[in-house]
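Close look at the chain arrangement
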There are 2 protein chains.
Amino acid sequence: MVDILHRVGVKTSSPEKVYEALTTLEGLAGWWTDDTTGNPEVGGVIEFRFPPGGFDMKVLELKPSERVVWEVVGGPDEWVGTTVEWDLRQDDDLTIVLFKHKGWKEPVEFMHHCSTKWGTYMVSLKSLVETGEGAPSPRDVRIAFPD
Amino acid sequence: MVDILHRVGVKTSSPEKVYEALTTLEGLAGWWTDDTTGNPEVGGVIEFRFPPGGFDMKVLELKPSERVVWEVVGGPDEWVGTTVEWDLRQDDDLTIVLFKHKGWKEPVEFMHHCSTKWGTYMVSLKSLVETGEGAPSPRDVRIAFPD
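Now for a description of the structure that goes with this document. (Residues numbered from 1 in each chain as written. Chains lettered and ligands numbered in written order. Predicted model: local features only at pLDDT ≥ 70, side-chain atom pairs only at ≥ 80, totals over all residues. Heavy atoms only, no water.)

Brief notes about the pairing of strand β5 (residues 67-74) of chain B
All names here are of chain B. As paired elements, strand β4 (residues 53-63) and β5 share seven bridges and run antiparallel to each other. Bridge pairing in β5 links Asp56 to Gly74. Where β4 folds back on β5, the antiparallel hairpin that results is connected by three residues, among which Ser65 adopts a positive phi of roughly 65°. The sheet contact formed by β5 and strand β6 (residues 83-91) spans five bridges and is antiparallel. Residue pairing in the sheet places Val68 in a bridge with Trp86 of β6. (Pairing = 2+ DSSP bridges. Helix = DSSP H or I, 4+ residues; strand = E, 2+ residues; numbered from the N terminus.)

Quick word on the interface of chain A and chain B
At the interface, 28 residues of chain A touch 28 residues of chain B. Between chain A and chain B, the buried area comes to about 2,200 Å², and carbon and sulfur atoms account for 59% of it. Taken together, the connections running from chain A to chain B amount to four salt bridges. Across the pair Arg7 of chain B and Glu109 of chain A runs a salt bridge, and its minimum N-O distance is 2.8 Å. Joining chain A to chain B, the criterion identifies 15 residue pairs in polar contact (both at pLDDT 80 or more). Put simply, the parts of the chain that give the side of chain A that touches chain B at least two residues each are β1 (2-11), β7 (94-104) and α3 (109-131) of chain A. Here the element with the most residues in the side of chain A that touches chain B is α3 of chain A; it accounts for 10 residues. Residues that form the side of chain A that touches chain B fall into these classes: 13 nonpolar, eight polar and seven charged. (Contact = heavy atoms within 4.5 Å. Buried area = accessible area lost by both parts, 1.4 Å probe. Salt bridge = Lys/Arg side-chain N within 4 Å of Asp/Glu carboxyl O. Polar contact = N/O pair within 3.5 Å; in protein donor to acceptor, adjacent residues only side chain to side chain. Nonpolar A, V, L, I, M, F, W, Y, C, P; charged D, E, K, R; others polar.)

Quick notes on the packing of aromatic side chains
All names here are of chain A. This structure, assessed with the given rule, holds 38 aromatic pairs over all chains. Ring centres of Trp31 and Trp86 lie 5.5 Å apart, and the angle between their planes is 75°; on these two criteria the pair is classed as edge-to-face. Here Trp86 lies in strand β6 (residues 83-91) and Trp31 lies in helix α2 (residues 25-31), a separation of 55 residues in the sequence. Each member of the pair Trp31 and Trp86 is classed as buried. For the ring pair Trp86 and Phe99, a centre distance of 4.8 Å and an interplane angle of 70° mean the geometry is edge-to-face. (Phe/Tyr/Trp six-rings, centres within 6.5 Å; stacked < 30°, edge-to-face > 60°. Buried < 20%, exposed > 50% of the residue type's maximum accessible area, 1.4 Å probe, protein only.)

Okay, structure coming up:
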């Protein structure tokens, strides 16, 4: 089992705005993909769609301003059954976001791609909270045309 | 042992320009840090410096247009002894860059940070080759002020 790890520090006075960006359809659409629908409550499933496909995330855990956990219940074979964990903490004027996409079976080439792409979306999330503007799909950073 | 993985596709007709960007002081300075000095030959050590510190990389392997391997021989404790591997291959009009920073002892918080930061430098490398302009330190993408 191998994991994708990331970390950003978001300039904001409390973790609330980051938490909102991870737990509301409007927030998620602001940094990951315009096409975000579904039920963002615990036990609900959020559907994220991109031009080449998408991911269905079941919300496993929501701890306000501290932690969000999703399980991938639909999407590419390599993703299904993996989990995505977000941990937040305040450090002076930064909300530190620790990200883990856990449980990949093998470090396949697609995992390399997803690691880099997640990194660009972390920067998008940071930008959304700091400036009001993220770079969600289809206006996302392209790392290997057309993806 | 845990690894940082990344992948980008660089729009260019052959891997030569990417290989140059990974194996010459001028190329490395174009996407990673302005302050790049040392000996980029096999057995040599390249010194990369950033405002908060730096890394010394011993060049272990150079296979033109295919593969570059460095061993970290100086820098933060978590980095020393790890290896950085670059594999290149051509796929139509893209040079596919597979990156591995291997051999981290533990998935510490600093590893999360370095993973995201490497991702931004992968995009910088891609941009350098495609447009002639990368985003090396100190003009790099900041992911957690001031880093």
